[in-house]
2 protein chains.
Amino acid sequence: MSEPLDRAADSSPGDCASEHDHAEFDRAMMGRALELARQARSLGEVPVGALVVRGRRLVSQAFNLRETNHDPTAHAERLALELAGRALATWRLDECVVYVTLEPCAMCAGAMVLARVGRLVYGATDPKAGACESLYRIARDPRLNHRVEVTSGVMAKECGEILTEFFQERRHFRKI
Amino acid sequence: MSEPLDRAADSSPGDCASEHDHAEFDRAMMGRALELARQARSLGEVPVGALVVRGRRLVSQAFNLRETNHDPTAHAERLALELAGRALATWRLDECVVYVTLEPCAMCAGAMVLARVGRLVYGATDPKAGACESLYRIARDPRLNHRVEVTSGVMAKECGEILTEFFQERRHFRKI
């Protein structure tokens, strides 16, 4: 379940990675999450991909499987959290970073707080259901017993485009 | 997975069940959810139980399994929704009612909106993390694409007591 992310990690030459290296690593991980989103699309699923990383090692990865699994809760990042807990044999993922192509909804943002996730990195914002900045700010709610550090907008254009294309195609096919 | 809830259903003599019969059915289902909460407690899990019903038939049932499954997302009602989707071969649970002993958190309230759950019935309120009336009102947010009808406070005393006792015992054992 856990494998080193060698190519991405190699881009950081020293022990103390600079801010630039961190940003580069974030982009590399988001690129991988985008590949997962493409796998979702190939199954006719809304294309969202997610992965969980700890110390630059991949812990788990998943993509949206709501239709395929008949599971209303099978969002990419919710599945990735479940798999990460299983891989690390704990529900406590405080040393983990979650990468996901779309701003998490209330369910997924709530799941990250429950899992005590250290950091969340997402791509496109979701004005209709996003719960990290758009409709709610659940990941940073001071009333809850954990706050998640949030970085947004990483490869936002690519992450948004794959969704826009998917919904355009779906509308097109429904018409014909 | 689906079985008739005969005894509870029998309490409604006609086709058009009265409000009293509905309330009685809700109490019968909450009693069953409380039994599930006791099963969680016997495993050392925070005692919360949940079930999904459609047309007075049991579709799925679950209890909190966060510690046992090493799954941060293994709340009772989230698991019950996953099982219900599998049982009915659809993520769309609009004809279903969810019974849960504790007010759902952001993750679980969000999951109910995603599943298009028709109605939610819960027992005790959760002032620290509840997302249906305490901290948020996610189940009835007009900005989201679905609203869940909510009934709260069914057997609230019993549902709350089992939790209070659990945490008191845990504190006691941690001291000694």
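Reading the values: rules and limits
Per chain, the residues get numbers from 1 upward, laid out in the order the sequence is written. Chain letters start at A and ligand numbers start at 1, both assigned in the order the entries are written. Only residues with pLDDT of 70 or above have their local features reported here, since the model is predicted, and side-chain atom pairs are shown and tallied only from 80 upward, although totals for entire chains, interfaces and linings are computed over all residues. The side-chain values count all of the structure's non-hydrogen atoms but skip hydrogen atoms and water molecules. Each helix corresponds to a stretch of at least 4 residues labelled H or I by DSSP, and each strand to a stretch of at least 2 residues labelled E; elements are numbered beginning at the N terminus. Throughout, radius of gyration means the C-alpha value; the globule benchmark is 2.2 Å times the number of residues raised to the power 0.38. We call two residues in contact whenever any of their non-hydrogen atoms come within 4.5 Å of each other. The protein chains shown are the only cover counted for residues, whose accessible areas, like all others here, come from Shrake-Rupley with a 1.4 Å probe. We score Asp and Glu as negative and Lys and Arg as positive, and we do not count His or the chain ends. To locate a charge, take atom NZ for lysine, CZ for arginine, CG for aspartate or CD for glutamate. A fitted line through C-alpha atoms serves as each axis, taken over the contacting stretch for helices, and the angle formed by two N-to-C directions is quoted from 0 to 180°. What sets the label is the angle itself: under 35 degrees gives roughly parallel, over 145 gives roughly antiparallel, 65 to 115 gives roughly perpendicular, and the rest give oblique. The sense of a crossing depends on the near helix, which, turned anticlockwise from the far helix by less than a right angle, makes the crossing left-handed and, turned clockwise, makes it right-handed. By convention, the term buried area covers the 1.4 Å-probe accessible surface removed from two parts as they join, with the contributions of both added. Salt bridges are defined by distance alone: a side-chain nitrogen of Lys or Arg within 4 Å of a carboxyl oxygen of Asp or Glu. Ten residue types, Ala, Val, Leu, Ile, Met, Phe, Trp, Tyr, Cys and Pro, are classed as nonpolar, four, Asp, Glu, Lys and Arg, as charged, and the remainder, Gly among them, as polar. Least-squares superposition aligns the copies on the C-alpha atoms of those residues with pLDDT at or above 70 in both. Only protein chains enter the accessibility calculation, which uses a 1.4 Å probe. A residue is then buried if its area is under 20% of the maximum for its type, exposed if over 50%, and partly exposed in between. Definition of a polar contact: a pair of N or O atoms within 3.5 Å, with one able to donate and the other able to accept a hydrogen when the atoms are protein atoms, and with sequence-neighbouring residues admitted only if both atoms are side-chain atoms. A residue's pLDDT is the predictor's confidence in that residue, given on a scale from 0 to 100. Side-chain rings of Phe, Tyr and Trp (the six-membered ring for Trp) are treated as a pair once their centres are within 6.5 Å; stacked means planes under 30 degrees apart, edge-to-face means over 60, and tilted covers the remaining angles. Geometrically, a lysine NZ or arginine CZ counts as sitting over a ring once it is within 6 Å of the ring centre and also within 35 degrees of the ring normal. To estimate how far a helix should extend, the number of its residues minus one is multiplied by 1.5 Å.

Engineer: Sorry, what's going on with the overall build of chain A here?
Structural biologist: From N to C terminus, chain A includes six helices and six strands. Ordering the α and β elements of chain A from the N terminus gives β-α-α-β-β-α-α-β-α-β-β-α. Relative to the globule expectation of 16 Å for 176 residues, the C-alpha radius of gyration of chain A, 16 Å, shows essentially globular dimensions. Its C-alpha atoms give chain A principal-axis dimensions of roughly 55 × 40 × 30 Å. For chain A, restricting intrachain contacts to residue pairs at least 6 apart in sequence, the fraction spanning at least 24 positions comes to 58%. Accessible surface computed for chain A: about 8,300 Å², of which carbon and sulfur atoms make up 48%. Positive and negative side-chain charges of chain A, numbering 24 and 25 respectively, have mean locations separated by a distance of 5 Å.

Engineer: Sorry, what's going on with the packing of helix H4 (residues 76–88) of chain B against helix H5 (residues 106–114) of chain B here?
Structural biologist: Angle between the axes and distance between the axes are the two parameters that describe a pair of packed helices. Residue and element names in this part refer to chain B. For the pair H4 and H5, interaxial distance at closest approach is 9 Å and the crossing angle is 25°. In terms of orientation, H4 and H5 fall into the roughly parallel class. Regarding H4 and H5, the two cross each other, and that crossing is left-handed. Residues Glu77, Arg78 and Leu81 of H4 touch H5, and the partners they reach there are Met107, Cys108, Ala111 and Met112.

Engineer: Can you walk me through the interface of chain B and chain A in this structure?
Structural biologist: It is common to report an interface's size as the accessible area lost on association of the parts. Across the contact, 33 residues belong to chain B and 33 residues belong to chain A. Across the interface of chain B and chain A, roughly 2,700 Å² is buried in total on both sides, 64% from carbon and sulfur atoms. Put simply, chain B and chain A have zero salt bridges between them. Among the secondary structure elements, those contributing two or more residues to the side of chain B that touches chain A are helix H3 (66–69), H4 and H5 of chain B. Of the residues in the side of chain B that touches chain A, the class split is 16 nonpolar, six polar and eleven charged.

Engineer: Teacher, can you tell me more about the relation of the copies chain B and chain A here?
Structural biologist: Mapping between the two copies of the chain is achieved by a rotation about an axis and a shift along the axis. Of the transformation placing chain B onto chain A, the axial shift is 0.0 Å and the rotation is 180°, giving an RMSD of 0.0 Å. Taken together, these values place the two copies in the relation of a two-fold axis. Measuring from the rotation axis to each C-alpha of chain B, the shortest distance belongs to methionine 107 of chain B, at 1.8 Å. Taken together, the interface assignments show that 100% of the residues at the interface of chain B recur at the interface of chain A, consistent with an identical surface on both copies.

Engineer: Looking at this structure, I do not really get the environment of glutamine 39 of chain A. What am I missing?
Structural biologist: Residues and elements named next belong to chain A. Locating glutamine 39 in the fold gives a position in helix H2 (residues 19–42). The exposure class of glutamine 39 is partly exposed, given its relative accessible area of 40%. In sequence terms glutamine 39 and phenylalanine 63 are 24 residues apart; their C-alpha atoms lie 7.3 Å from each other.

Engineer: Looking at this structure, I do not really get the side chain of asparagine 64 of chain A. What am I missing?
Structural biologist: Residues and elements named next belong to chain A. Tracing the backbone through its elements, the reader meets asparagine 64 in the loop between strand E3 (57–63) and helix H3 (66–69). In terms of polar contacts, asparagine 64 uses its side chain to reach the backbone carbonyl oxygen of valine 46, at 3.0 Å. The contacts of asparagine 64, once residues within four sequence positions are left out, are Ala40, Glu45, Val46, Val48, Ala74, His75 and Ala76.

Engineer: Even after reading the chapter, I still don't get the pattern of salt bridges, so can you show me in this structure?
Structural biologist: When charged atoms on two side chains of opposite charge get close, those side chains can pair. All names here are of chain A. Taken as a whole and judged by the stated rule, the model has 18 salt bridges over all chains. One salt bridge in this structure joins arginine 78 and aspartate 71, with 3.7 Å as the shortest N-O distance. The exposure class assigned to arginine 78 is buried, which follows from its relative accessible area of 0%. Given the relative accessible area of 3%, aspartate 71 is considered buried. Salt bridges linked by common partners bring Asp71, Arg78, Glu82 and Arg86 together as one network.

Engineer: Teacher, can you tell me more about the confidence of the model for chain A here?
Structural biologist: Reading predicted coordinates in detail is not appropriate for stretches of low pLDDT. Residues and elements named next belong to chain A. Per-residue confidence for chain A gives a mean pLDDT of 92; residues scoring 70 or more make up 90%. pLDDT under 50 marks residues 6–15. Its contacts with residues more than four places away, or in other chains, come to eleven contacts. Scoring of the predicted complex yields 0.91 for pTM and 0.90 for ipTM.

Engineer: Even after reading the chapter, I still don't get the packing of aromatic side chains, so can you show me in this structure?
Structural biologist: Any aromatic ring pair is given by two values, namely how distant the centres are and how the planes are angled relative to each other. Across all of its chains, the model carries five aromatic pairs over all chains by this definition. Seen in terms of ring centroids, phenylalanine 25 of chain A and tyrosine 99 of chain A are 6.4 Å apart; in terms of plane orientation they differ by 75°. Their pairing is edge-to-face. Residue phenylalanine 25 of chain A is located in helix H2, and its partner tyrosine 99 of chain A is located in strand E4 (residues 96–102); the two are separated by 74 residues in the primary sequence. The burial state of phenylalanine 25 of chain A is the same as that of tyrosine 99 of chain A; both residues are buried. The positively charged end of arginine 143 of chain A is found above the aromatic ring belonging to tyrosine 136 of chain B, 5.0 Å away from the centroid. Taking the ring centre of tryptophan 91 of chain A as reference, the NZ or CZ of arginine 66 of chain B above it sits at 4.2 Å.

Engineer: Sorry, what's going on with helix H2 (residues 19–42) of chain B here?
Structural biologist: Helical periodicity: at 3.6 residues per turn, an α-helix aligns residues three or four positions apart in one direction. All names here are of chain B. Along its 24 residues, H2 runs 35 Å from first to last C-alpha, staying within 8% of the 34 Å computed at 1.5 Å per residue. Taken together, the buried positions of H2 are Asp21, Phe25, Asp26, Met29, Met30, Gly31, Ala33, Leu34, Leu36, Ala37 and Ala40. At the C-terminal side of H2, glycine 44 shows a positive phi close to 80°.

Engineer: Can you help me understand the environment of arginine 174 of chain B in this one?
Structural biologist: Residue and element names in this part refer to chain B. With respect to the helices, strands and loops of the structure, arginine 174 is situated in helix H6 (residues 156–175). We classify arginine 174 as exposed; its relative accessible area is 67%. Between the alpha carbons of arginine 174 and threonine 151 there is a distance of 36 Å; along the sequence they are 23 residues apart.

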